[in-house]
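# Tertiary structure, described
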Amino acid sequence: MDFRLTAEEEAFRQEVEEFIREVLPAGWLGIDPGPEEEEREEVYRLSVEIWRKLGAKGWIGLNWPREWGGQESPAKDWILKQELIYHGAPGMDIAATQGDLIVQFGTQEQKKRFLPPIARGEVKYAIGMSEPNVGSDMFSLQLKAEEKDDCYVFNGQKIWNSGIHRADWCVVYARTDPNAAKKHHGISVFIVDPRSPGITMRRITQMTGLGAFCEVFYDDVRVPKENLLGQKNKGKDVSMYAFTIERSYGLVILHNARRYFDQLVEYCKETSINGEPLARDPLIRNRLAELAIEIEVGRNMGERINWMTGQGMLTVVPSCQNKIHGARVAQKLGSLGMQILGLYGQLDEKSKWAKLGGRMRHMYLSSRAWSLAGGTSEMSRNIISGPFGLGLPS
Amino acid sequence: MDLAFSEEQEMLQKSARDFLTSKCPKTLVRAMEEDERGYSPDLWREMAELGWMGLPFPEKYDGGGLGFLDLVVLLEEMGRACLPGPFLSTVVLGGMPILEWGSEDQRRYFLPRICKGEAILTLAVTEPSARYDAASIRTTATADGHDYIISGTKLFVPDAHVADWIICVTRTAQASNPEEGITLVIIDAKSPGISTVLLSTIAGDKQCELTLDKVRVPRKNMLGKPGQGWEMVKRIMEWAALAKSAEMVGGNQQVMEMTVKYAKERVQFGRPIGSFQVIQHYIADMSIDVDSARITLYKAAWKLTEGLPCSKEISVIKGWINDAYRRVATQAHQIHGAIGFTKEHDLELYFRRAKAGEVLFGDTDFHREIVAQQLGL
C-alpha cells in the first residue's frame, strides 16, 4: 500500500496552489463550488477570468484524451479540482464535466465543435434535468422533444437549473418516445442553446438569497438534430455516465467544508471570552476534533474512490457512501459554526459586525443542498443497498 | 498511490480467516469467556507455529520481519473471529516495546520466546484512577542496591493473570511535571509480592487488578531510560490503539455481513425484511461506518509502517471506530430483533466487544483531545 501522490502529481499540486494564490484576491474567504455564488457580481467576474486562465494553462479537461487537449490524467484533473474547491476559488465551470460527457458520447463533429471552446475556458454550461414533478424519480421526466424535419421540437418545462441564465449551453434531458414500454427507455440528451427562440426563464431565489435557480419553459423550441448527444432514446446511458462522473461529489463537499472548518478553528484560536480563548473550552475542542476526524475519514474514503477509478473499478457504492457522509459532515459543521458564533452568526457579509465574513451563515444555509443535489442521501442509500451494492431484495 | 493489499497480505488474510474459522468457533469464544485462563494453550501453540506471534519482529529474533500493516491484516481477522487470548498484550504491549527500547540482551531473551509462543507478556499502565495519563501513575519503584522495590495497584491490566512477564509503568521520581520521573520495568510475574485478581468485564476478556507489594526486581530489568518512560508509554498506547482499532474494524465488518445475511433471510409480512426501505437505509448507513473505518485504519497503519508521523491518524481511526463500531452493532441489534438479544446468537458477542474496545487504549474523548492538540487548539 502507498497513500502518497507520485512526485509528478505532487509537483502539479504545488503548481496549482501557486496558481490559485496568484489569481485570488488578498483575503479571499472562498465560495462554494458550483454556479450559485456567481450571482454575486464580483464572483462572476472572477469566475470568468479564472476559467479563461485555466484554459490558457491547458488545465481544463486534464482527464480527456490528448487529441482534445487533455493529458489523460484523472489524477491531475482531480488534484486541480480539489485545490480549487479547498481554496474556494470560483472558475471551474460545469462545462468541464459536461465536456466529459461529450468526450464519451459525442460524435467526431460534436467533439470538434464543443470541446475546444470548453478547453479554452470560453463557454459556460448548465444542466437541465429536474422538472416540477421530477426530482429523485428522474426517468419519469416529461419535457417533450418531437423529431420534426432537421430538428427536435421541445415543449415543456424544467426547474432548478442553476446558472442557465448565464450559460452558453445547457445539457438537457428530454423525452423522445412517450410510448416506450419502460419510462427510462424513451429519453434522449441534447446540447441546447439557452437563447433559442421559445425558451423563457424565471429566476428563483434560493434561501441563501442567491437567485441562481431557474425555471425554464420550452415553447416550440427548435433544437437542431446535430445537437443530440448519444443515441436517440438511449439517454439513460448518458445519465448513468453523468452519475459516475459525479462520483467525487462527496469529496467536493468535504474539501469545501475543510476550508470553513479551518477558518472556524482559527476563529476559535483568536477569539477570547472573558480572557479565555474559545480554543481552550473543552466542549469546543471536543466538537471541533469530532469534525476533524469526520473530515479526515471522508477524505480517506475519497482517496480510495479516486484510486479505484484509476484502476477501472466500479465506484458506485463508495461514491454514494462518501456523498452521504460528506453532506452530513458539512451540515454538522454549519451547525457547529453557527453555534460557536452565537448572535454574530446571524449577520451576513455586508455587516461591519460580521464574523468570518458572514460565510458561516451562508454555509449553514447552503449546506442544506448537499444532501439533495446530485442525488438525495436517500437515493444514495437505495443504491448502496440495491443490486449494485449489498444486494438487498427489492 | 496504491491502495491494494500486496499478494502476501492477501494470502495472510485468507489463511488467517480460514484458520480462525476452523479453529476458533464461537463455542470456543464462549467457553473462554467462562474459562479462568481465557485462552486455549493448544490454539496459542498453533498460532505460534504459523508465525503469528513473531510477525512484526526481525528474523534474527526468530520473527517474520513484517510490518505493522501486515499485523493489522491479522488483527482484523482476529477481531472478526472474536479470538480470545493474550495476542495483543504479548505482541503489541510486550514485544514491540522490547524491540524498540530493549537492550540487545533483553531483545535476545524475550523476542525469540515471544515468537515461539513460549512467553506471554503484558503492560501494566492504568491504576484505580482508570485514566491513561501520567499523573495517574502512583505505583512506585524505589532503588535499593541493584534492585527496584515496586509497590502499587494496577487496574485493568490485560492478561496479567497468565503473563510470564509484566512491563510495569512505575514512578521513580516525583517531579512537578507528572510526565517526568516515570520508568518502565520488566517484572517476572512469578516474583514474590505480586498478586492478580481477575475482573469480570463486559466482554469476558481477561483484565486484572494487579497488586505489587514490595516486589523486588533487578534494576537491569528496566526498559529504556530511567525517568523517561512516559514518552514510551505514549508510543505504546498509539500502537495499542491502532491494534485495537484493527480488531474492531474486523468485528465491525463481520457484524455488517451477518446483518445483511439476516435481512435477506428473515421473512415478515411475506417478504424478507431486507426489502423494506427502512432496513435498507439502516444497513446503507452501517456500510458507511464499516468501509470508511477500514480505509482510515489502513492509512494510519501504512504511515506507522513507513515511519511517518501518525499520532493524528491513529487518533482519527480510534476516535472514529469507537463510535462507528458501537453504532453498527447497535443498529445490527435493532435489525436482528429478539434472537440477537440472546446468548444463542453471535451478535451479542460483538456488541459487548464493541463497548470493551471503545474504552480500551483511549476512548473517543481521549482521542479527540489528541486531535484537538494536533489542530493547534
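Here the structure is a predicted model, which means the values were calculated and not measured.

Rules used throughout
- Residues numbered from 1 in each chain as written.
- Chains lettered and ligands numbered in written order.
- Predicted model: local features only at pLDDT ≥ 70, side-chain atom pairs only at ≥ 80, totals over all residues.
- Helix = DSSP H or I, 4+ residues; strand = E, 2+ residues; numbered from the N terminus.
- Rg over C-alpha atoms; globule rule 2.2 N^0.38 Å.
- Buried ≥ 20, exposed ≤ 12 C-beta atoms within 10 Å, placed from the backbone.
- Contact = placed C-beta atoms within 7 Å.
- Domains from an automatic or database assignment.
- pLDDT = per-residue confidence, 0-100.
- Axes fitted to C-alpha atoms, helices over the stretch in contact; angles between N-to-C directions.
- Parallel < 35°, antiparallel > 145°, perpendicular 65-115°, else oblique.
- Left-handed = near helix turned anticlockwise from the far one by under 90°.
- Core = buried A, V, L, I, M, F, W, Y, C linked by C-beta atoms within 7 Å.
- Pairing = 2+ DSSP bridges.
- Nonpolar A, V, L, I, M, F, W, Y, C, P; charged D, E, K, R; others polar.

### What to know about the overall build of chain B
In terms of helices and strands, chain B carries 11 helices and 10 strands. Computed over C-alpha atoms, the radius of gyration of chain B comes to 21 Å, within 12% of the 21 Å expected from 2.2 N^0.38 for 377 residues, which places it in the range of a compact globule. With the principal axes as the frame, chain B shows a C-alpha extent of 80 × 50 × 40 Å. Relative to its full complement of 377 residues, chain B shows a buried share of 51%. Partitioning the contacts of chain B with sequence separation of at least 6, the portion at a separation of at least 24 is 72%.

### Observations concerning the overall build of chain A
Looking only at helices and strands, one finds 11 helices and 10 strands in chain A. Relative to the 2.2 N^0.38 estimate, which gives 21 Å for 394 residues, the radius of gyration of chain A is 22 Å and therefore close to what a compact globule would have. Along the longest, intermediate and shortest principal axes, the C-alpha atoms of chain A span 75 × 50 × 45 Å. By the burial criterion, 49% of the 394 residues in chain A qualify as buried.

### Some points on the domain arrangement of chain A
All names here are of chain A. According to the domain assignment, chain A contains domain 1 (7–123), domain 2 (126–235) and domain 3 (246–385). One C-alpha centre belongs to domain 1, the other to domain 3; they are set 23 Å apart. Counting from both sides, the interface comprises 12 residues of domain 1 and, opposite them, 12 residues of domain 3.

### Focus on the confidence of the model for chain B
Chain-level pLDDT for chain B is 98 on average; 100% of the residues reach the 70-or-more range. Complex prediction metrics read pTM 0.95 and ipTM 0.95.

### Focus: the packing of helix α5 (residues 87–101) of chain B against helix α6 (residues 104–115) of chain B
Residue and element names in this part refer to chain B. Contact pair α5 / α6: the axes reach a minimum separation of 9 Å and the direction vectors enclose 155 degrees. Here α5 lies roughly antiparallel to α6, going by the angle between them. Crossing hand, α5 versus α6: left-handed. Residue-level inspection shows T90, V91, G94, G95, I98 and L99 of α5 in contact with α6, the latter providing Q106, R107, F110, L111 and I114.

### Things to note about the nonpolar core
Ranked by internal contacts, the top residues of the largest apolar core, which has 229 residues, are C170, F190 and L229 of chain A together with V185, L242 and A301 of chain B. Here the element with the most residues in this core is helix α7 (residues 229–265) of chain B; it accounts for 18 residues. Discounting residues that sit within four places of it in the chain, L242 of chain B has contacts with A300, A301, L304, I314 and I317 of chain B.

### Brief notes about the pairing of strand β5 (residues 182–188) of chain B
Side-chain positions along a regular strand alternate between the two faces of the sheet. Residue and element names in this part refer to chain B. Of all 7 residues making up β5, 6 are buried, and the element is well covered by its neighbours. Two elements, strand β4 (residues 165–171) and β5, share 7 bridges in a ladder whose sense is antiparallel. Of the residues in β5, the one forming a bridge with T170 is T183.

### Some words on the domain arrangement of chain B
All names here are of chain B. Looking at chain B, the domain boundaries give domain 1 (7–119), domain 2 (123–227) and domain 3 (231–374). The distance between the C-alpha centroids of domain 1 and domain 3 comes to 21 Å. At the level of secondary structure, the elements contributing two or more residues to the side of domain 1 that touches domain 3 comprise α2 (26–34), α4 (68–81) and α5. Per-element accounting of the side of domain 1 that touches domain 3 gives the leading share, 9 residues, to α4.

### A look at helix α10 (residues 359–366) of chain A
All names here are of chain A. Within α10, 7 of the 8 residues are buried, leaving the element largely enclosed by the surrounding structure. Every buried residue of α10 is accounted for by R359, M360, R361, H362, M363, Y364 and S366. Packed against the buried residues of α10 are α7 (249–270) and α9 (316–341).

### Side note on the interface of chain A and chain B
Contacts between the two partners involve 35 residues from chain A and, on the opposite side, 34 residues from chain B. Counting residues per element, the ones that place at least two in the side of chain A that touches chain B are α7, α8 (282–310), α9 and α11 (377–385) of chain A. For the side of chain A that touches chain B, the element with the most residues is α8 of chain A, which contributes 13 residues. Here the side of chain A that touches chain B is built from residues that sort into 19 nonpolar, 7 polar and 9 charged.

### Examining unusual backbone geometry
Excluding glycine, a negative phi dihedral is what most residues carry, and trans is how most peptide bonds are arranged. Residues and elements named next belong to chain B. Despite not being glycine, A130 shows a phi value in the positive range, around 60 degrees. Position of A130 relative to the elements: it lies in the loop between β1 (121–124) and β2 (140–144). Using a count of 10 C-beta atoms within 10 Å as the deciding quantity, one classes A130 as exposed. Although it is not a glycine, F156 adopts a positive phi angle of roughly 60 degrees. When you line up the elements, F156 lands in strand β3 (residues 147–158).

### Remarks on the packing of α4 of chain B against α7 of chain B
Residues and elements named next belong to chain B. Relative orientation of the contacting elements α4 and α7 amounts to 50 degrees, with a least axis distance of 6 Å. Between α4 and α7, the crossing angle belongs to the class labelled oblique. α4 and α7 meet at a crossing whose hand is right-handed. Here V72, L75, E76, E77, M78, G79 and R80 of α4 lie close against α7, whose contacting residues are A243, A246, E247, M248, V249, G250, G251, Q253 and Q254. Of the residues in the contact of α4 with α7, the class split is 7 nonpolar, 5 polar and 4 charged.

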